[in-house]
Amino acid sequence: VAYTLLEPAIRALQSSMAQGCSLTLVFTTSSESISVLSSDFAFVSLPFSPLLDRAHAPKNATPTPRRRGCGWAPAPLFSSLPQILQLLASGPSPLAVTAIFNLSEENARSLNAYAEGLQEDRSLMQEFIQRRGVESWRAEQFRASWEAACLTTGLLEKWAIVIRR
């Protein structure tokens, strides 16, 4: 969800959830210590850059599984866990937060395994290159490794929030 659509998306979610329902939201945020004007902001923005998609994807490219259906969604660069919690608990139909989990370490391991698979698994590599091209394959490895590094160092954080109406 683009940052400018974050509040409307949460309000739509609030109004659409039936009483007694639970839902888990999984999202990435930048660390609260990162300022938009800091060099760290430039580091965390790289995995989400639309330039990687535009520069390296052939016109008829098939989207990769982890990015399927997603354009560049800059919400991770500007939103924070407290902001999202506040939005969920406010408005005309507030939701209850029943659990919060930090998935950063688990997601970093998964992204590293994905990047390693792109490099080491010959059949995966060949399939990816056939569908997207060698430049896109390199960009995807870079993106996954860089995002994993940002999660490992705490510049990015991956969260799961269980909400209930």
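Relevant structure appears above.
Residues numbered from 1 in each chain as written. Predicted model: local features only at pLDDT ≥ 70, side-chain atom pairs only at ≥ 80, totals over all residues. Heavy atoms only, no water.

A word on the overall build of the chain. Helix and strand counts for the chain come out as eight helices and three strands. Secondary structure elements of the chain, listed N to C terminal, follow the sequence α-β-α-α-α-α-β-α-α-α-β. In the chain, buried positions account for 38% of the 165 residues. Considering only contacts within the chain whose residues lie at least 6 apart along the sequence, 83% involve residues at least 24 apart. (Helix = DSSP H or I, 4+ residues; strand = E, 2+ residues; numbered from the N terminus. Buried < 20%, exposed > 50% of the residue type's maximum accessible area, 1.4 Å probe, protein only. Contact = heavy atoms within 4.5 Å.)

Inspection of the secondary structure assignment puts Ser 79 in the loop between helix H4 (75-78) and helix H5 (81-88). Its relative accessible area of 3% is what places Ser 79 among the buried residues. Setting aside residues no more than four positions away along its own chain, Ser 79 makes contact with Tyr 3, Leu 6, Thr 28, Thr 29, Ser 30 and Ile 84.

This structure, assessed with the given rule, holds four salt bridges. For Glu 7, the salt bridge identified is with Arg 11, shortest N-O distance 3.4 Å. Highlighted residues: Glu 7 and Arg 11, both in helix H1 (residues 6-16), separated by four residues, approximately one helical turn. By relative accessible area, which is 21% here, Arg 11 ends up partly exposed. (Salt bridge = Lys/Arg side-chain N within 4 Å of Asp/Glu carboxyl O.)

Further remarks concern the side chain of Arg 132. Relative to the helices and strands, Arg 132 is located in helix H7 (residues 122-132). Here Ser 136 takes part through its side chain, which lies 3.1 Å from a polar atom of the side chain of Arg 132. (Polar contact = N/O pair within 3.5 Å; in protein donor to acceptor, adjacent residues only side chain to side chain.)

What follows concerns the sheet that holds strand E1 (residues 22-30). A sheet is described by the order of its strands in space; here three strands give the open sequence E1-E3-E2, paired in antiparallel fashion. Two strands bound the open sheet, and with one partner strand each, they are E1 and strand E2 (96-102). Geometrically, the sheet is characterised by an average inter-axis angle of 25 degrees between neighbouring strands, direction not taken into account. Both E2 and strand E3 (residues 156-164) contribute to a ladder of six bridges, which runs antiparallel. Note on E3: the bridge partner recorded for Val 97 is Ile 163. (Pairing = 2+ DSSP bridges. Axes fitted to C-alpha atoms, helices over the stretch in contact; angles between N-to-C directions.)

It is worth spelling out the nonpolar core at this point. By size, the foremost hydrophobic cluster in this structure holds 14 residues, and its most contacted members are Val 44 and Leu 156. Those elements that provide at least two residues to this core are helix H2 (39-45), helix H6 (104-120) and helix H8 (134-153). For this core, the element with the highest residue contribution is H8, accounting for four residues. Filtering out sequence-adjacent residues up to four positions away, Leu 156 remains in contact with Thr 28, Thr 29, Ser 30, Ser 31, Val 44, Phe 48, Ser 104, Glu 147, Cys 150 and Leu 151. If you look at the next biggest cluster of nonpolar residues, it comprises 13 residues, including Leu 6, Met 17, Phe 27 and Ile 84. (Core = buried A, V, L, I, M, F, W, Y, C linked by side-chain atoms within 4.5 Å.)

To describe a pair of aromatic rings, you give the distance between the ring centres and the angle between the ring planes. One pass over the full model with this rule turns up two aromatic pairs. Ring centres 5.6 Å apart and planes at 45 degrees place the aromatic pair Phe 41 and Phe 78 in the tilted group. Within this pair, whereas Phe 41 is found in helix H2, its partner Phe 78 is found in helix H4, the two being separated by 37 residues in sequence. Accessibility expressed as a relative area gives 39% for Phe 78, which makes it partly exposed. Geometrically, the ring pair formed by Phe 142 and Trp 146 is tilted, given 5.3 Å between the ring centres and 35 degrees between the ring planes. Within this pair, Phe 142 and its partner Trp 146 are both found in helix H8, separated by four residues, close to a single helical turn. Accessibility expressed as a relative area gives 30% for Phe 142, which makes it partly exposed. (Phe/Tyr/Trp six-rings, centres within 6.5 Å; stacked < 30°, edge-to-face > 60°.)

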